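Read off the chains here:
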Amino acid sequence: MAWRDAKASRARLLLFTASIILGIAAVVSIQLFRDNLQDNIQSQSKSLMGADYLIDIDETPNERAQAIIDSLNPVASEVNFVSMVAFPKNGGTKLARVRGIEGPFPVYGKMETQPEQASSTYQEEGGALVDATLLLQYGIKPGDSIKVGELTLPIVGSLSSMPGNSAVTSSVAPPVVIPNRLVAKTNLLQFGSRKEYQYFYKATPETDLIELENVIEPMLDAERADLDTHTSTSRRLGRRYENMGKFLNLVAFIALLLGCVGIASSVHIYIREKLKHIAVLKCLGASRKQSFLIYLIQIAGIGILGGVLGGGIGIGIQESFPYILKDFLPFDVEITITTQPIIMGVVLGFLIAVLFALLSLLNTWYVSPLQALRISDTSGSKKPKQAKRIVFTIIIIFLFLFSYWLLRDVTYAMGFVVGMLITFAILAGIATLTMKMIKAWFPKTWGYTTRQSLLNLFRPNNQTLVLIVAIGLGTFLISTLYFTKDILLSKTAVGDSSNSANMIMLDVQPKQTEAIAKTITDNELEVIDNIPLVTMRIHSVKGLDAKAEEQDSTVQIRGWIYNHEFRTTYRDHLMASEEVIAGQWTPEVSNDDVIPISISENVAEDANVTVGDKMVFNVQGVLMETVVGSIRMVDWGQLQLNFNILFPKGVLENAPQFKVLSTKAPTEASSAQLQREIVSNFPNVTIIDLRQVFTIVEDILGKVSWIINFMAFFSIITGVIVLIGSVRTSKHQRIKESVLLRTLGAKNNQILKISALEYLLLGIVGSLVGIVLALVSTLLLALFVFKEPFVPSAIPFLIFLPAISLLVLAIGLSNIRGVLSSSPLEVLRREA
Amino acid sequence: MSKILKINGLEKTYTSGAKQLTVLQNITFDVEKGQTFSIVGPSGSGKTTLLGLCAGLDTPNAGNVELCGHDLNTLNEDERAQLRNREVGFIFQNFQLLPTLTTLENVSVPLELQGAKQAAKRGMELLAQVGLADRFHHYPSQLSGGEQQRVALARAFSNSPSILFADEPTGNLDDETGEKVIKLLFDLNKASNTTLVIVTHDLDLANRTQQILRLKGGEIITNQPTVTH
Ligand SMILES: Nc1ncnc2c1ncn2[C@@H]1O[C@H](COP(=O)(O)OP(=O)(O)O)[C@@H](O)[C@H]1O
Ligand SMILES: [Mg+2]
């Protein structure tokens, strides 16, 4: 029976199914991708780090550390640092990550080189393996030479991939691999320069990595070294890509919600039309339960079908993700297909269909058989309030659980559901208000067609509310996505403003400062910054050093605070990117004072200190007592040198230090020229060319927006289906009325005008409200979540608004197309 | 007397799938201006189809219809609609009121479509004549079947048609209500001197018209004046 009834209204149910399918497809594809990502991270974590576990340390290991390192028998080791490299052949220079490797690295996975054997012979030959892209960019081939610091060595192979490098990091500082024994000859590993030592280990089958971590880690910690097992790496990597997954999940959720709106609205109207049939069924002796079940089974069946199809399509879509995202990921993602997403799709499809249909389905329970005998509509049926309230509550609980499942965060999930409810309420409110307003100020004197189309908005059984909410919600979600994208992109978009520096020179020794400044001015460029840099570590906080802190579990200080090597500076003023939020900034002190320093907000939080607390620093072996004088909020988003810890003038002038110089090179050529000169005369200086960073960031942003656009497109398609669905459900009634008008002598264009105006109005009101709501919610997001200024773009108003209105119009008109081509008599007879 | 409706050799065939179903064939008759005319026949004999063809709601496969001096075959869809709007009134078995509009608005629709200024005033007059003066602002769903049909009557007369088609106007009503509606129909008709074409299977009703056309299986059996007249 349920099936027979469904067959009769197949076309209508098809749209209903389509909204489920699309929503589920989005969720399934994204979930699947996330799972696959995690699986892949886990299975590839060994080759990602190139070993079972490794020990890394940011300074030359002391005796105790070295003893631990050696006792575990490393298979291979490396020291790596960032430095400028040069190609003598054509004078090209580039920032690179130099990795001096000893032993058979990697233990797992491999370095892919051209020629292939270069990856094993470079150590003996004393040659370098250089990033393939870098070679291509500079027109260098294996056989040419490369200069690293004071060492020039032959390039024996081009390196296309190696463990521990992703496309993004490689594009900022591409890897250059050299034999470890030659590192000393570069003369770059001087005191104070940034470097990292890594020791790679292979575990025997008996090794318990977790046990090892528990035992060795604390010992290494004391020596400022770190143990990383491949399992912990995979955990960390998983976390890193979780944010991306979260964003995608949110988008999937939006698509699914749109699907829900589609389901709710199409079922609503579908059931309303069926109420009469149900009354007839009841007259014929069907029990409440029977007639309720007929439709419940129908809708559950469709939900399951939609779930299966959606799951299938989702699998298809996720196959494409790895291609889009491959540049973000330092490893390959292999897609495996399991039955789980299908099951998930089916369960979701079933739940959503039934839940969202229940609200309307309840009406079938309460419909009186008497209604079959009355000619009038069914608006008189009494509302099953209690039951509706229960269903409504269940829906909200479901939405909450579902968003929690997607986002794994109670607050987010809660915010999301509440936000949706508010939006929904506002939309419904505005729809009702619009109707009331038109009613109140009804333009009695306007032409007949105008009045008739306005009146249609109040027809008994009208869809005005449902349509405005559907259109509004769809527009709202899409525009929010769009506006948010604006914020996200502008947050990361680096301002290439005219007066800021675009070349930064690091590791300048004090005695080189003058010469380099001269090189810059000789090139007719300006030295913008000349900042001293002093590296130091935190020795103790509020009298507690690292060891004491570890024993006292009541102290909440983050681990990195004691391990980090802070690069600090001193000056007598604050910069535009900093703002004191507590205490007072002291510009200068004389020697005998307690030293009032200024720390950034995040350090204050992680070190658990406030103004007035004591901090002792280890400045190259000398302990220096300070007190927190002020806490600053620092805008790290701005691409300039900002500091966690800031000393006043008059303290650090004589400490061992480096300088940072910056300048702005107006053209690429002038920047290359300056780089060449500095690299050849001062090989220890590292140059960061922000121009290159800009292009890389732009490239990444391009890809991010591609994904966002793709998902937005997905939502739009779902939205369109919802629209078609809700407009279509009233097709029958529309045609009948239009035919009647024609019988009474209405011309084609009068009929068209009536419908056109009605749909245009619905489209404009719905999408306008949606966009305005999106604007408000994005503004709130910008204010409270992203903490970024938000300059709304006009695109949604200029493009979304007319496009959606026209779309509604087109769908609406296609709806009554039948009238213009069919014989009035037939339609009228069918109604008899 | 002049002929307001001339039917000549009318034939209508429906094709459903491969099958051809001839619903009407060889229909020829005239209706005089001001006459009351009924078409009777068993269900499925083609009465509604014939009425629809007469009013230009559908097109015949052969033959032609001349309504108010216009050969319908030579008019397009919009021209036929305009002709209906000016000259024709319609009453359906199932009332066919626009659910969006109040009774007054429903009655005014034909005049509104013409762009007439006095639509509402004329609508009120007519509603008063059918005894619904107190129901101007009610919606169809708030009226009983008999009341709805009276609204439909008022609507049919609102454009002062020269010919009025009624397809089983009492088919959905009880005898008593039906009788009231019919009485109203004839009264209004007499007052405005409109030609009336009624489709019915109620012989009593048919006998109150001047001419009866009997239809069976899509063909005319008889076409004669009623005895009582
Ligand atoms: N669109 C159609 N396709 C096929 N047959 C039709 C169609 N419309 C009407 N018929 C058939 O035409 C015949 C006459 O119908 P109708 O004029 O409605 O009869 P009546 O009004 O006398 O009851 C019926 O047998 C009906 O089945
Ligand atoms: Mg009939």
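Our structure is the block above this text.
Novice: Would you mind going over the overall build of chain A with me for this structure?
Specialist: Scanning chain A for helices and strands turns up 26 helices and 21 strands. Of all 832 residues assigned to chain A, the portion counted as buried reaches 53%. The long-range fraction of contacts in chain A, counting pairs at least 24 apart against all pairs at least 6 apart in sequence, stands at 83%. For chain A, the accessible area works out to roughly 37,200 Å², and carbon and sulfur atoms hold 60% of it.

Novice: Any chance you could explain the interface of chain B and chain A here in plain terms?
Specialist: One widely used convention gives an interface's size as the accessible area the parts lose upon coming together. In this assembly, 29 residues from chain B lie in contact with 31 residues from chain A. Both sides of the chain B and chain A interface together cover about 2,900 Å² of buried area, and 63% of this is carbon and sulfur. Our count for the contact surface shared by chain B and chain A stands at five residue pairs in polar contact (both at pLDDT 80 or more). Every element with two or more residues in the side of chain B that touches chain A is listed here: α1 (47-54), α2 (77-87), α3 (103-114) and α5 (145-158) of chain B. Among the residues forming the side of chain B that touches chain A, the class breakdown is twelve nonpolar, ten polar and seven charged.

Novice: Which parts of the structure should I look at to understand the nonpolar core?
Specialist: Among soluble globular proteins, nonpolar side chains are generally buried collectively. Ranked by internal contacts, the top residues of the largest apolar core, which has 133 residues, are Leu 5, Phe 29, Leu 50 and Phe 165 of chain B. Here this core gets 13 residues from one element, more than from any other, and that element is helix α9 (residues 230-283) of chain A. The residues touching Leu 5 of chain B, leaving out its near neighbours within four places in the chain, are Phe 29, Asp 30, Val 31, Cys 54, Val 65, Glu 66, Leu 67, Ile 163 and Phe 165 of chain B. Core analysis: the second largest hydrophobic core is formed by 37 residues, Val 79, Ile 140, Leu 182 and Leu 212 of chain A among them.

Novice: Just to check I follow, could you spell out the sheet that holds strand β6 (residues 88-91) of chain B for this structure?
Specialist: Within a sheet, adjacent strands bond to each other through the backbone by hydrogen bonds, running parallel or antiparallel. All names here are of chain B. Judged by pairing direction, the sheet is mixed, and its six strands sit side by side in the order β6-β7-β8-β3-β9-β10 without closing on themselves. A single partner strand is all that each edge strand has here, and the edge strands are β6 and β10 (219-225). For this sheet the average axis-to-axis angle between neighbouring strands, irrespective of direction, equals 15°. In the sheet, β6 pairs with strand β7 (residues 163-167) via four bridges, with the strands oriented parallel. Paired with Ile 91 across the two strands is Ala 166, which belongs to β7.

Novice: Any chance you could explain the packing of aromatic side chains here in plain terms?
Specialist: In this description, an aromatic ring pair is defined by two values, namely the gap between the centres and the angle between the planes. Tallied over the full model, the rule gives eight aromatic pairs over all chains. Where Phe 398 of chain A meets Phe 402 of chain A, the ring centres are 5.9 Å apart and the plane angle is 15°; that geometry is what we call stacked. Of this pair, Phe 398 of chain A and Phe 402 of chain A both sit in helix α13 (residues 385-407), four residues apart, which is roughly one turn of that helix. Of the residues examined, Phe 402 of chain A reaches a relative accessible area of 5% and is grouped as buried. Look at Phe 90 of chain B and Phe 92 of chain B: their rings are 5.2 Å apart centre to centre, the planes differ by 10°, and that puts the pair in the stacked class. Overall, Phe 90 of chain B belongs to the buried group, its relative accessible area being 5%. Within the aromatic cluster, the residues linked to one another by ring pairs are Phe 90, Phe 92 and Phe 165 of chain B.

Thresholds applied
Residues numbered from 1 in each chain as written. Chains lettered and ligands numbered in written order. Predicted model: local features only at pLDDT ≥ 70, side-chain atom pairs only at ≥ 80, totals over all residues. Heavy atoms only, no water. Helix = DSSP H or I, 4+ residues; strand = E, 2+ residues; numbered from the N terminus. Buried < 20%, exposed > 50% of the residue type's maximum accessible area, 1.4 Å probe, protein only. Contact = heavy atoms within 4.5 Å. Areas by Shrake-Rupley, 256 points an atom, 1.4 Å probe, with all protein chains shown as cover. Buried area = accessible area lost by both parts, 1.4 Å probe. Polar contact = N/O pair within 3.5 Å; in protein donor to acceptor, adjacent residues only side chain to side chain. Nonpolar A, V, L, I, M, F, W, Y, C, P; charged D, E, K, R; others polar. Core = buried A, V, L, I, M, F, W, Y, C linked by side-chain atoms within 4.5 Å. Pairing = 2+ DSSP bridges. Axes fitted to C-alpha atoms, helices over the stretch in contact; angles between N-to-C directions. Phe/Tyr/Trp six-rings, centres within 6.5 Å; stacked < 30°, edge-to-face > 60°.

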